[in-house]
Amino acid sequence: MRHFVTALSFIAFSCHAVALDLSNISNADASQGLKQALTQGAERAVSQLGQAGGFLNNPQVKIPLPESMQKAEKAMRMFGMGKQADELVVKMNQAAEAAVPEAKALLVNSVKQMSVQDAKDILTGGQDSATQYFRKTTSGPMADKFLPIVKKATQDVDLAKQYNRFAEMGSKYGLVGKDQANLEQYVTQKTLDGVYLMMAEEEKAIRKDPMGQASSLLKKVFGAVK
């Protein structure tokens, strides 16, 4: 999946020109237009990722084996454990797909709580302003929602249990990164990353073609920024 390096980009336009265009739009319109865009992005991202194959069949967000396990994957397959490795990949991605719907309410609520100043900061901010806003306001609560679902989805996978035992030990000796010391935490973080990437793509589409959006307010606000 393409990164969010251009989603809120104003590279092709001077700050002065943007300021002039936005000055013709009220604070309320600017705020509401952005809220519509972000709500639309959130709902579409959750819908796409939360369906069967939403992660597993999308190479841009598919969750691979942890890096430490990838190093041993070739040996695992040589010793007849390829089926278990494949099963774990499927289970990790299915866990992410099952967890994602929990994100919708949190994301939409974050948009609702957005102040006029938040909206202005995103519209006139850096290239990853929207992504940073959502990471700041939703990553903690989302992780709390995702984790128990991921644990339930992977709890009966023997290889997951084995990985956690060895990874925990390896982490103590610096052989396994802290972000991969627990499989459930690893999958939870990858699920979060997938959600933000998909939302970034939705935002990018609106930024690229504001005139193609159905809402007249979106056209007004994002057309002015562009």
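Residues numbered from 1 in each chain as written. Predicted model: local features only at pLDDT ≥ 70, side-chain atom pairs only at ≥ 80, totals over all residues. Heavy atoms only, no water.

A. Quick peek at the overall build of the chain. The helix and strand inventory of the chain stands at ten helices and zero strands. Starting at the N terminus, the α and β elements of the chain follow one another as α-α-α-α-α-α-α-α-α-α. Here the chain holds 226 residues, and the buried ones make up 45% of them. Counting only contacts in the chain whose residues sit at least 6 apart along the sequence, the fraction spanning at least 24 positions is 78%. Taken as a whole, the chain presents about 11,700 Å² of accessible surface, with 53% of it coming from carbon and sulfur. (Helix = DSSP H or I, 4+ residues; strand = E, 2+ residues; numbered from the N terminus. Buried < 20%, exposed > 50% of the residue type's maximum accessible area, 1.4 Å probe, protein only. Contact = heavy atoms within 4.5 Å. Areas by Shrake-Rupley, 256 points an atom, 1.4 Å probe, with all protein chains shown as cover.)

B. Layout of the side chain of glutamate 202. You can see glutamate 202 is positioned in helix α9 (residues 183-208). Residue classification places glutamate 202 among the buried positions, given a relative accessible area of 10%. Within polar-contact distance, the side chain of glutamate 202 engages the side chain of arginine 44 at 3.3 Å. If we skip the residues at most four places from it in the chain, glutamate 202 touches Gly41, Arg44 and Gln48. (Polar contact = N/O pair within 3.5 Å; in protein donor to acceptor, adjacent residues only side chain to side chain.)

C. Fine view of the packing of helix α4 (residues 82-99) against helix α7 (residues 129-154). Contact geometry of α4 with α7 gives a least axis separation of 9 Å together with a crossing angle of 140 degrees. The two elements α4 and α7 cross, and the hand of that crossing is right-handed. Taking contact as the criterion, the partners of Lys91, Ala95, Ala98 and Ala99 in α4 are, on α7, Phe146, Ile149, Val150, Ala153 and Thr154. Partitioned by chemical class, the residues of the contact of α4 with α7 number seven nonpolar, one polar and one charged. (Axes fitted to C-alpha atoms, helices over the stretch in contact; angles between N-to-C directions. Left-handed = near helix turned anticlockwise from the far one by under 90°. Nonpolar A, V, L, I, M, F, W, Y, C, P; charged D, E, K, R; others polar.)

D. The confidence of the model for the chain, seen in detail. For the chain, mean pLDDT is 77; residues scoring 70 or higher make up 71% of the total. Taken element by element, the predicted model of the chain shows its lowest mean pLDDT in helix α1 (residues 15-23) (40) and its highest in helix α5 (residues 103-112) (94). Under a pLDDT of 50 for its full length, residues 1-20 has, in the predicted model, 41 contacts with residues more than four places off or in other chains. (pLDDT = per-residue confidence, 0-100.)

E. Here's a closer look at the nonpolar core. Formed by 45 residues in total, the largest nonpolar core has its most connected members in Leu88, Met92 and Leu107. Counting residues per element, this core draws most heavily on α9, at eight residues. Beyond its immediate chain neighbours, meaning those up to four positions away, leucine 107 contacts Ala42, Val46, Phe134, Thr138, Met142, Val195 and Met199. (Core = buried A, V, L, I, M, F, W, Y, C linked by side-chain atoms within 4.5 Å.)

F. Up close: the environment of glutamine 70. For glutamine 70, the position within the fold is in helix α3 (residues 67-78). Overall, the relative accessible area of 38% leaves glutamine 70 in the partly exposed class. A sequence separation of 15 residues divides glutamine 70 from alanine 85, and the C-alpha atoms of the two residues are 9.5 Å apart. Not counting chain neighbours up to four residues away, the residues in contact with glutamine 70 comprise Pro64 and Leu65.

G. Structural detail: the pattern of salt bridges. In this structure the tally under the stated criterion is two salt bridges. Glutamate 202 is the partner of arginine 44 in a salt bridge, and the nearest nitrogen-oxygen pair spans 3.3 Å. Here glutamate 202 lies in helix α9 and arginine 44 lies in helix α2 (residues 27-49), a separation of 158 residues in the sequence. The partly exposed category is assigned to arginine 44, whose relative accessible area is 41%. Note that arginine 135 and aspartate 193 form a salt bridge whose closest N and O atoms lie 3.5 Å from each other. Taken together, the residues arginine 135 in helix α7 and aspartate 193 in helix α9 connect sequence positions 58 residues apart. (Salt bridge = Lys/Arg side-chain N within 4 Å of Asp/Glu carboxyl O.)

H. Structural view of the packing of aromatic side chains. Per the counting criterion, the structure on display carries one aromatic pair. Between tyrosine 133 and phenylalanine 134 the ring centres are 5.6 Å apart and the planes differ by 75 degrees, which places this aromatic pair in the edge-to-face class. With a relative accessible area of 8%, tyrosine 133 lands in the buried category. The buried category is assigned to phenylalanine 134, whose relative accessible area is 3%. (Phe/Tyr/Trp six-rings, centres within 6.5 Å; stacked < 30°, edge-to-face > 60°.)

I. Region of interest: the packing of α5 against α7. Between α5 and α7, whose axes approach to 10 Å, the crossing angle comes to 155 degrees. Comparing the axis directions of α5 and α7 gives the class roughly antiparallel. Here the hand of the crossing between α5 and α7 comes out right-handed. Two secondary-structure elements touch here, α5 through Ala103, Leu106, Leu107, Ser110 and Val111 and α7 through Tyr133, Phe134, Thr137, Thr138, Pro141, Met142, Lys145 and Phe146. Along the lines of polarity and charge, the residues of the contact of α5 with α7 split into nine nonpolar, three polar and one charged. (Parallel < 35°, antiparallel > 145°, perpendicular 65-115°, else oblique.)

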